[in-house]
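# Analysis of the macromolecular model
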Amino acid sequence: MSVDLLIANGTVVTPNGAQPLNVGISGDHIVSLTDQAQTPDAREVIDAAGLHVLPGIVEGHVHF
């Protein structure tokens, strides 16, 4: 599998808790959550080491 963007080495927060995962994105869709051993090839990689990643969360601080 190959993805457009890989957010790697972050702590991914899901409904099942927080764990070290990589987030694979193709186009504008999240297509994979994988551990370090199953990292897909990617056109672009963002290293999120030391950061929390919240896939699917939209900006929560909004003023209308």
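Our subject is the structure listed above.
Calculation notes
- Each chain carries its own residue numbering, running from 1 in the written order of its sequence.
- In view of the model being predicted, local features appear only for residues whose pLDDT reaches at least 70, and side-chain atom pairs are presented and counted only at 80 or more, with totals across whole chains, interfaces and linings using the full set of residues.
- Computation of side-chain values covers all heavy atoms of the structure but excludes hydrogens and water.
- A run of H or I in DSSP counts as a helix once it spans at least four residues, and a run of E counts as a strand once it spans at least two, with each numbered from the N terminus.
- N or O atoms within 3.5 Å of each other form a polar contact, as long as, within protein, one can give a hydrogen and the other can take it, and as long as residues adjacent in sequence are counted only when both atoms are side-chain atoms.
- Here, residues are in contact when the closest pair of their heavy atoms is within 4.5 Å.
- Three labels apply to residues, based on accessible area from a 1.4 Å probe with only protein chains included: buried if under 20% of the type maximum, exposed if over 50%, partly exposed otherwise in between.
- Remark: nonpolar core denotes a set of buried residues (Ala, Val, Leu, Ile, Met, Phe, Trp, Tyr, Cys) joined through side-chain atoms within 4.5 Å.
- DSSP calls a pair of strands paired once it identifies at least 2 bridges connecting them.

With that out of the way, let us pick up the side chain of Asn22. You can see Asn22 is positioned in strand S2 (residues 17–26). From its side chain, Asn22 meets the backbone nitrogen of Asn9 in a polar contact 2.9 Å long. In this structure Asn22 touches Leu6, Ile7, Ala8, Asn9, Ser32, Leu33, Thr34, Asp35, Gln36 and Thr39, once residues within four positions along its chain are discounted.

Before going further, it helps to spend a moment on unusual backbone geometry. Even without being a glycine, Asn9 presents a positive backbone phi close to 70°. As for its placement among the helices and strands, Asn9 is situated in strand S1 (residues 2–14). The exposure class of Asn9 is partly exposed, given its relative accessible area of 37%.

Now for the nonpolar core. If you look at the biggest cluster of nonpolar residues, it comprises eight residues: Leu5, Ile7, Val12, Leu21, Val23, Ile25, Ala48 and Val53. Elements with a minimum of two residues in this core: S1 and S2. With near-sequence residues (within four places) excluded, Ala48 lies in contact with Ile7, Ala8, Asn9, Gly10 and Val53.

This paragraph deals with the pairing of S2. Both S1 and S2 contribute to a ladder of eight bridges, which runs antiparallel. Directly across from Leu5, in S2, lies its bridge partner Ile25. What sits between S1 and S2 in their antiparallel hairpin is a turn of two residues. Pairing of S2 with strand S3 (residues 29–34) involves five bridges; the strand directions are antiparallel.

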